[in-house]
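Structural features, examined
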Amino acid sequence: MIRNRLSLHLLVFAAVMVLAGCAVLEEPSEEAEAREAEPREEPAPAPAEEPGAAAVERLMSEARDASDDGDHERAGALLERALRIAPESAVLWHNLAIVRYREGNHDQAEQLAQRSLSHAGGNTELRRRNWEIIAVSRHMRDDDDGAAAARSRADGLQEVGGE
Amino acid sequence: MPRKPARQSRSRPRRRRRLGSWLLGGLLLVLVTGAAYVAWLDYQVRSQFEGKRWSVPATVYARPLELYPGLALSRDGLLAELDAAGYRSAAGGQEPGTWAQEGDRVRLTTRAFAYWDGREPARALVLHFADGRVQSLRDPDSGEPVDLVRLDPATIGAIAPTRREDRLLVQLDHVPVTLIGALLAVEDRRFHRHFGISPSGIARAAIANIRAGRIVQGGSTLTQQLVKNFFLTGDQTFTRKLNEAIMAVLLELRYDKRDILETYLNEVFIAQDGDRSVHGFGLAAQYFFGEPLDALRIDQQALLVAMIKGPSYYNPRRNPERARQRRNLVLEVMADGGVVQEDAARAARQRPLDVLEQRRRPRHDYPAFMDLVQRHLQRDYRREDLQSEGLRVFSTLAPTVQHSAEEAVRRRLGNGDEALEAAVVMLDLDAGEVSALVGGRDPGFAGFNRALDARRPIGSLIKPAVYLAALEQPSAWGLGSVLDDSPLRIEDGQGETWAPRNFDAEFRGDVLLVDALAHSYNIPAVRLGQDVGVNAVTNIVRRLGQDAPRRAYPSYMLGTAELSPMEVAGLYQVFASQGFRTPLRSVRAVTDASGEPLKRYRLSTERVVDPEPMYLLNHALGEVMREGTGRHAGATLPAGMTVAGKTGTTNDYRDSWFAGFSGDTLGVVWLGRDDNAGTGLTGASGALGIWADAVSANAVRGFQPVRPDGVTPVWIDEDTGARTHEACNGSRELPYMADHVPDEWTECGRRRADDDGGGGGLLQRWFGD
């Protein structure tokens, strides 16, 4: 049992690393497009059209650097600054969730992912990633049922929007 | 007899010995006393020095304005921000802290500022405005577009002990070298060589003074002046001078020159401003030029140095000519001493004094908000540390929002009923930040802070919690549920009966749930509360972050709960954020005096209400503003600005409340009297107007929540709450939980005929069953 649990943890950890590797602080739609050429749901409007898009872009990239350096405090603060400019950006809420996840604050990671979901609209890929964060965050808090439920939401979105 | 000589011969050396020991004892006594005295002086000077050195109040800053292309900000809005931050208009706008305007273009130069997350240099900008937005943001020299700039924030206050001594701490590294050069050249040439006192300095000063024919140099070293500053009694006795000299030497023995110089720079008395004395170069720079010390030109630096000799005598506002002459003398000394080039000094001598015209307060007083900041910080810091450690506090106050809230209060209360008091809380929604706080009808008066401390019955502001409790049971209630608005009597179990009444004392028979909330009918709310259960309602209130009684009475549904405006803001913030609770913040970060981050207060969030019932409730709160008790705000709000909110009025018009929000701004307004007498105002006729003014001035985004997947719009018959078709009379589209749309249908045409025949109550029974 204990061994099982441990290996499960390792599995989750691996999943998180994958998650962190691909999703952290990146515009998911761009990345998704790079991965596959198939037509898919329209990503968020092109940055140049949104007021403050360049400012948000800059803060987001600084946040990415800070996060990669392990400076979660700074990364979080930069994302909060960006959120004050673009409070309805599901991507910013998502990235803040990842920063909190990375520093081990699983409760806030889930809550921020929930908040990202509330702004994600039809962005299936982003929704899926938020459910991923929720799943692993719940797992880390030993809420295995909750984790499974979130996992199946994520998998459902995979089938609908992905591949 | 024979003994006598012997005794004498014995007694002489003894006497000599005794004399010796007396002398020795005396000497010892003098030494001990002297040592004790010196030790006492040492203690004095040390405690003073440490105390002075560290006794720097915390400085509180407003939130910095973020400038970027596309920002919703008009030119006049920017100018108001600049004014609050102490910028001034100057041709060219090329000096840090100045701006110049030409049509819809504004050129400005920011001031260098150390934020909690790093220092940003001064930079020049050209902004172009159109359609209420910043169209472009460019570097005027390169012409390159600029993404994002923080405008250095207004200083909104200091957390100081009651003693009115003000300071803006400067660190030695941030003091211009020319200023230090000027100071040493004029006040203490041998500063780096003497040991606290300087006999040759005194001699040199005397010679210099004779040569100049007037006093250009003082004999005391900076160290002595610093000691003198510690003990502010001005009598010039010999003992004092001696004490001063001893203490100066002690100070030099204990501390290094840098510490002494830095303390001097922050301690020296430069001017008197009413009941406030201006100490230190940092504050003096702000006070006379409205600029940080490191942004001063050399003529401005020279003027500050010039004033030390006689703060009142050389005050440039009162005695400009005298001050100008002394400044030029300082510039001469600077050039002679090689501190500046001769031609630079010559040019500087030609400049006007350039002090801020009349004493213009770049600081507005924000007592209510400062009170909030202090309470926030006292959770993490001791009061003494806040008052003495020179902490830098980065608050969330938005000066323009604050000014518009104050203006709204002033405009609507005017010179009317003097006893009518007001409180306003404004939030920047997404960040969960308090952007403004008004604690009374006179916002500059630091008295009773009603925004935080006036706990008053909230009246109908509680109703959304009642309706939310119902909407969370979608199998039982939806927005189109028919509620009973007929006379109601409730037994309280002790023989007393309570018969709630509607505001207009009418009974409407049947009303749709959405309308009962929009028009704030009391009887349906009490019935609904009875049906969902008081505990379900108090449970909601707790989830929204406020306390609720363990046992509540039916009258709880009409707002007997007493909350402060700030607490109400906490409740409504959850509605505005579509079910997410965000603990409200008034402080973003705190650094120590040298800019090292100490603490950051993060944004945190938690979903406490599910998206579907939240969306339904917010639809009803929107209906309040479209059709209900809040509709009159529409005349004030900008066209197309969608908002949601709720009015509140308590018995005998004691309290007039309004709480509401756009997509980005939440406001809570309370009007009432401190003696709890009636005001004659309802929420709609009182608080709503102030709210509409304040929100109109600041809201950019309307409140347009995204409809969750689980919610679908349904056509409902207004009279019966049954489903109908869009084309039918009395049809109305309402959002419903997709799994819980009503089963019953009404037929249009037939419904019309029936309506002529009977009352709504009858219809409800026919179709409902």
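Small disclaimer: the values here were computed from a predicted structure and weren't measured.

1. Focus on the packing of helix α3 (residues 177-187) of chain B against helix α9 (residues 298-307) of chain B
Residues and elements named next belong to chain B. Look at α3 against α9: their axes get within 9 Å of each other, and the N-to-C directions meet at 35°. In the packing of α3 onto α9, the handedness of the crossing is right-handed. Of α9, the residues touching α3 (which contributes T178, L179, A182, L183 and V186) are I298, Q301, A302 and V305. Each residue belonging to the contact of α3 with α9 can be placed in one class, and the counts come to seven nonpolar, two polar and no charged.

2. Looking at the sheet that holds strand β26 (residues 597-600) of chain B
Residues and elements named next belong to chain B. Spatially, five strands are ordered β11-β1-β15-β25-β26 in an open sheet, and the strand pairing comes out mixed. A single partner strand is all that each edge strand has here, and the edge strands are β11 (155-159) and β26. Taken over all neighbouring pairs, the strand axes of this sheet differ in orientation by 20° on average, direction set aside. Relative to β11, strand β1 (residues 58-61) runs antiparallel, the two sharing four bridges. Of the residues in β11, the one forming a bridge with A58 is I159.

3. Details of helix α12 (residues 367-378) of chain B
Compared with an ideal rise of 1.5 Å per residue, which puts twelve residues at 16 Å, α12 of chain B spans 16 Å between its outermost C-alpha atoms and is within 8% of the ideal. What α12 of chain B keeps buried is the set A368, F369, M370, L372, V373, Q374, H376 and L377 of chain B.

4. What to know about unusual backbone geometry
All names here are of chain B. Notably, D131 is not glycine yet its phi reads approximately 55°, a positive angle. Turning to its location among the elements, D131 is positioned in the loop between β8 (124-130) and β9 (133-138). In this structure, D652 takes a positive phi of about 60° despite not being glycine. Checked against the element boundaries, D652 lands in the loop between β28 (644-649) and β29 (655-661).

5. Let's talk about the confidence of the model for chain B
Residue and element names in this part refer to chain B. On average, residues of chain B score 87 in pLDDT, and 90% of them reach the 70 mark or higher. Confidence, expressed as mean pLDDT per element, reaches its minimum in chain B at helix α24 (residues 760-768) with 38 and its maximum at helix α16 (residues 463-471) with 98. Residue range residues 1-7 is modelled with pLDDT below 50. Its contacts to residues more than four positions away, or to other chains, number zero contacts. Throughout residues 751-769 the model reports pLDDT below 50, and contacts reaching past four residues in sequence, or to other chains, amount to 23 contacts. Both scores are given for the predicted complex: the pTM is 0.76, the ipTM 0.78.

6. Comments concerning the pairing of strand β5 (residues 105-109) of chain B
All names here are of chain B. In this structure, strand β4 (residues 98-102) lies alongside β5, joined through five bridges in antiparallel fashion. Residue pairing across strands places Q101 opposite V106, the latter belonging to β5. Counting the residues in the hairpin turn of β4 and β5 gives two residues, including G103, whose phi is positive at 60°. Inspection of the sheet shows β5 paired to β8 by five bridges, in the antiparallel sense. For R107, the partnering residue across the bridge sits in β8 and is V126.

7. Quick look at the interface of chain A and chain B
Facing 21 residues of chain A, the contacting portion of chain B comprises 22 residues. Elements that contribute at least two residues to the side of chain A that touches chain B include exactly α3 (53-68), α4 (72-85) and α6 (106-120) of chain A. Residues belonging to the side of chain A that touches chain B are distributed by class as follows: eight nonpolar, seven polar and six charged.

8. Some points on the sheet that holds β29 of chain B
Residues and elements named next belong to chain B. Reading across the sheet, the five strands line up as β17-β16-β30-β29-β28 and stay open at both edges, with antiparallel pairing between neighbours. A single partner strand is all that each edge strand has here, and the edge strands are β17 (433-438) and β28. Each adjacent strand pair in this sheet contributes to an overall mean axis angle of 10°, direction not counted. Here five bridges tie strand β16 (residues 420-428) to β17, and the two strands are oriented antiparallel to one another. Of the residues in β17, the one forming a bridge with L427 is V434. Helix-sheet contacts for helix α20 (residues 565-576) involve β16, β29 and β30 (665-673), and the interaxial angle to β30 is about 150°.

Parameters and conventions
- Residue positions are given per chain, counting from 1 as you read along its sequence in written order.
- Here chains are named by letter from A upward and ligands by number from 1 upward, in the order in which they appear as written.
- A pLDDT threshold of at least 70 governs which residues receive local features in this predicted model, and a stricter bar of 80 or more applies before side-chain atom pairs are shown or counted, although totals over entire chains, interfaces and linings include all residues.
- With axes taken as lines fitted to C-alpha atoms, and helix axes fitted only over the stretch in contact, angles between N-to-C directions fall between 0 and 180 degrees.
- Secondary structure elements follow DSSP: runs of H or I no shorter than four residues count as helices, runs of E no shorter than two count as strands, and numbering proceeds from the N terminus.
- Note on convention: the crossing is left-handed when the near helix lies turned anticlockwise from the far helix by less than a right angle, right-handed when the turn is clockwise.
- Throughout, a pair of residues is in contact if the C-beta atoms placed from their backbones lie within 7 Å.
- The classification used treats Ala, Val, Leu, Ile, Met, Phe, Trp, Tyr, Cys and Pro as nonpolar, Asp, Glu, Lys and Arg as charged, and all other residues, Gly among them, as polar.
- The pairing criterion for strands is at least two bridges between them, as found by DSSP.
- Each helix should span, by expectation, one fewer than its residue count multiplied by 1.5 Å.
- As a rule, residues whose C-beta atom has 12 or fewer other C-beta atoms within 10 Å are exposed, those with 20 or more are buried, and those in between are partly exposed; C-beta atoms are placed from the backbone.
- Note: pLDDT gives the predictor's confidence per residue, expressed from 0 to 100.

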